[in-house]
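# Observations on the model geometry
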Amino acid sequence: MPNIELPHCRIRYRFDGAAANPVLLLCNSLGADLSMWDGVVPHLAGDFQVLRYDGQGQGDSSDLKAACTLEDLGRDACALLDALNIKDVHFCGQAMGSLIGIWLALFRRSRLKKLILANTAAAIGSRDFWDARIAAVENNGLAPMADAIVGRWFTPDYAAANPTVIERMKDMLLRSTPSSYGRYCAAIRDVDFHGQLDQISTPTLVIGATHDGACPPQESLFVCNHIAGAKYQELPAAHMSSIETPEAFAAALKSFLAAEGDRGDLLSDRGPGQPIIRRKE
């Protein structure tokens with residue numbers, strides 16, 4: 001699988017689908033690599049050139065060597081597109097990836113045609129939750145909590161019926177380095193978009209999941225209700241809806257991306273004088 005050398009890191013990426021098709025960029029969840037999209041991509045590659053990548057510290061990309069913010073992660077996505085000579089994309093991010101999508105829609109909106117935010121919230125978890133997880137990872141690594149983390153990703157019925165998938169997801173999680181995982185946790189902890197969602201003008205689909213304990217459907221609905229014109233679809237899944245319900249997930253994307261009205265009025269990117277709202281907990 002190809003890698004691209006950016007000034008500060010090495011990023012692994014993959015294309016599926018014909019180069020003549022519109023580009024759809026997929027952005028991973030916390031603790032996941034680009035293989036998390038394996039079940040969805042076959043349903044999308046006939047209509048899109050699907051681009052997926054491992055952020056720093058994910059999969060086979062280089063390790064995340066310093067603290068990062070959502071802004072850093074959004075800039076990495078733009079740097080990858082620049083290196084690949086891609087002007088703009090349809091974007092789909094799940095969980096942590098959805099926060100990156102929100103940042104792009106606020107600060108790099110010219111890079112987006114349409115936006116899909118899956119298993120999302122304006123702020124994910126509490127400061128106490130993330131501080132406890134960061135401390136646990138720093139002290140004990142990821143292995144002792146792998147069962148609990150992956151257990152939150154899927155409904156019990158799905159997990160019982162798909163033990164091979166569950167083991168594969170644990171292996172994927174454990175390929176994350178504890179230091180990088182902890183830095184991602186801190187980036188998620190420190191951002192809150194509640195006061196900024198109404199500034200998003202990119203056509204948006206929000207995908208919620210009925211059984212998602214990390215991003216409950218009411219939080220996904222909040223995101224939808226505060227983005228003008230956003231659409232909402234709820235799937236019968238837990239936190240990894242793209243893995244648990246890949247056909248329905250892909251069908252939701254294809255229906256939304258095929259609809260008329262490719263993008264709203266194009267506004268200029270915002271500059272450094274308009275920062276992300278930080279948590280005050």
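Above: the structure in question.
Residues numbered from 1 in each chain as written. Predicted model: local features only at pLDDT ≥ 70, side-chain atom pairs only at ≥ 80, totals over all residues. Heavy atoms only, no water.

### Observations regarding unusual backbone geometry
The residue N85 is not glycine, and still its phi comes out positive at about 60 degrees. Mapped onto the secondary structure, N85 falls in the loop between α2 (70–83) and β5 (89–94). Among the residues examined, N85 registers a relative accessible area of 72% and is labelled exposed. Its identity as a non-glycine residue notwithstanding, A95 has a phi of 55 degrees, on the positive side. (Helix = DSSP H or I, 4+ residues; strand = E, 2+ residues; numbered from the N terminus. Buried < 20%, exposed > 50% of the residue type's maximum accessible area, 1.4 Å probe, protein only.)

### Some details on the layout of surface pockets
Rolling a probe over the atoms, with the probe sized like a water molecule, indicates the empty space that remains. For the largest pocket, the calculated volume is near 230 Å³. The wall of the largest pocket is formed by 16 residues, among which L30, W130, R133, A214 and H239 lie closest to the centre. Counting only elements with at least two residues in the lining of the largest pocket, the list comes to α4 (127–140), α5 (146–153) and α8 (178–189). Here the residues of the lining of the largest pocket sort into 11 nonpolar, three polar and two charged. (1 Å grid on protein atoms, 1.4 Å probe; cavity = no way out; pocket = protein on both sides within 12 Å on 5 of 7 lines; lining within 4 Å. Points joined across faces, edges and corners; volume = space filled by probe spheres on them. Nonpolar A, V, L, I, M, F, W, Y, C, P; charged D, E, K, R; others polar.)

### A closer look at the packing of aromatic side chains
Enumeration according to the criterion identifies six aromatic pairs in this entry. Between F129 and W130, the aromatic rings sit 4.9 Å apart at their centres with planes inclined by 80 degrees, giving edge-to-face as the arrangement. Accessibility expressed as a relative area gives 4% for W130, which makes it buried. Grouped by ring-pair contacts, the aromatic residues W153, F154 and Y158 constitute a single cluster. One cation-aromatic arrangement involves K114 over F256; the distance from NZ or CZ to the ring centre is 4.9 Å. (Phe/Tyr/Trp six-rings, centres within 6.5 Å; stacked < 30°, edge-to-face > 60°. Lys NZ or Arg CZ within 6 Å of the ring centre and 35° of its normal.)

### Thoughts on the pairing of β5
Counting buried residues along β5, six of its six residues qualify, which places the element largely inside the surrounding structure. On β5, burial covers both faces: V89, F91 and G93 on one face and H90, C92 and Q94 on the other are all buried. Where strand β3 (residues 23–27) meets β5, four bridges bridge the pair, whose relative direction is parallel. Looking at β5, one finds that L26 is bridged to C92. As judged from the five bridges shared by β5 and strand β6 (residues 112–118), these two strands associate in the parallel manner. Note that in β6 the partner of Q94 across the bridge is A118. (Pairing = 2+ DSSP bridges.)

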